[in-house]
Amino acid sequence: MTRRDLARVAAIELNVFGRDAWPLHAFRDLLAAFSQARPVRGAMWVAEDPRTGELLGYAGVEVSALWGEMDVINIAVAAEYRRRGIGRLFIERIVGLCRRRGVPLLWLRVRASNRGARRFYRRMGFRERGRFQRYYEDPAEPAVIMAMDV
Ligand SMILES: CC(C)(COP(=O)(O)OP(=O)(O)OC[C@H]1O[C@@H](n2cnc3c(N)ncnc32)[C@H](O)[C@@H]1OP(=O)(O)O)[C@@H](O)C(=O)NCCC(=O)NCCS
C-alpha cells in the first residue's frame, strides 16, 4: 500500500465496514509510521487487478512491541471479488512476514456476528481462543479472538 492507494482503500473500507470504518487519515498515519519504523513495526498491502489497475482489497498487520506476536489489523476484499482466493493470498503474505521475522504467533479480533470472516479465518488455520466482551459498539457485541501458531 502506498499513499496513492489511500482514497481507494478508504472507499472500500467505508463500503465494507460502514460505521466501523477507519477514516482515510488512520490508514495514512499508520502507513507513515510503518514506513519509518526500524525495526519493522507493521505492513500494509493492496491487491490490484494487473489488467485494469482496479483495487480489489487490502490487508495490514502490526507487530507487538515485544516482538512475540503480530496482529492482523485489517483485511477486506471488495464484495464483487470475494471467494476468488484474494483473502487467502493476504493471509499467506502475512504468515510469510511472520516467519521471516521469527514471530511465532499471529492473532486478530473479529465481530462475533461476522460468521463469514470467522469461517474464512478458521479455514486459513486460525483457532478461536477467547472473547473480549463489549469490545465493539454500535451494535455492541464481543470480539472473538482468533490465533494461529505460524
Ligand atoms: C473475509 C474476507 C477478507 C475473505 O476474503 P476472500 O477473498 O473472499 O477469501 P478467499 O476467497 O481467499 O477464501 C478462502 C476460503 O475461505 C473460506 N471463506 C471465505 N469467505 C467465506 C464466507 N463468507 N463464508 C464461509 N467461508 C468463507 C472458504 O473456504 C474459501 O474457500 P472457497 O471459496 O474455495 O470455498 C472477505 O469476505 C471480506 O472482505 N469480508 C468483509 C470484511 C471482513 O469481514 N473482514 C474481516 C474483519 S475482522
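Preceding this paragraph is the structure being described.
Analysis parameters
Residues numbered from 1 in each chain as written. Predicted model: local features only at pLDDT ≥ 70, side-chain atom pairs only at ≥ 80, totals over all residues. Heavy atoms only, no water. Pairing = 2+ DSSP bridges. Helix = DSSP H or I, 4+ residues; strand = E, 2+ residues; numbered from the N terminus. Axes fitted to C-alpha atoms, helices over the stretch in contact; angles between N-to-C directions. Contact = heavy atoms within 4.5 Å. Expected span 1.5 Å × (residues − 1). Buried < 20%, exposed > 50% of the residue type's maximum accessible area, 1.4 Å probe, protein only. Salt bridge = Lys/Arg side-chain N within 4 Å of Asp/Glu carboxyl O.

(A) Structural context of the sheet that holds strand β1 (residues 42-48). Reading across from one edge, β1-β2-β3-β4-β6-β5 is the order of the six strands in this open sheet, with mixed pairing throughout. With one partner strand each, in any of the chains shown, β1 and β5 (127-136) form the two edges of the open sheet. Here the strands of the sheet are splayed against their neighbours by 25 degrees on average, with no regard to which way each runs. As judged from the seven bridges shared by strand β2 (residues 55-63) and strand β3 (residues 69-77), these two strands associate in the antiparallel manner. Directly across from Gly57, in β3, lies its bridge partner Val77. Against the sheet, helix α3 (residues 86-100) touches β1, β2, β3, β4 (105-111) and β6 (141-149), its axis set at about 160 degrees to β3. The strands touched by helix α4 (residues 115-123) are β3, β4, β5 and β6; relative to β4, the strand with the most contacts, the crossing angle is about 165 degrees.

(B) Region of interest: α3. The end-to-end C-alpha distance of α3, which contains 15 residues, comes to 21 Å, matching closely the 21 Å that a straight helix rising 1.5 Å per residue would cover. The set of residues buried in α3 consists of Ile86, Gly87, Phe90, Ile91, Ile94, Val95, Leu97 and Cys98. Where α3 is buried, its residues touch β1, β2, β3, β4, α4 and β6. One or two residues past the end of α3 sits Gly102, with phi positive at roughly 70 degrees.

(C) Geometry of the side chain of Asn74. Note on placement: Asn74 falls in strand β3. Judged by relative accessible area, which is 7%, Asn74 ranks as buried. Apart from residues no more than four positions distant in its own chain, Asn74 is found in contact with Trp22, Phe27, Tyr58, Ala59 and Gly60.

(D) Layout of the pattern of salt bridges. Tallied over the entire structure, the rule returns 12 salt bridges. Between Arg28 and Asp29 there is a salt bridge, and its shortest N-O distance comes to 3.7 Å. The class of Arg28 is partly exposed, set by a relative accessible area of 33%. When its relative accessible area of 43% is taken as the criterion, Asp29 is described as partly exposed. Via salt bridges that share partners, Asp5, Arg8 and Glu48 belong to a single interconnected network.

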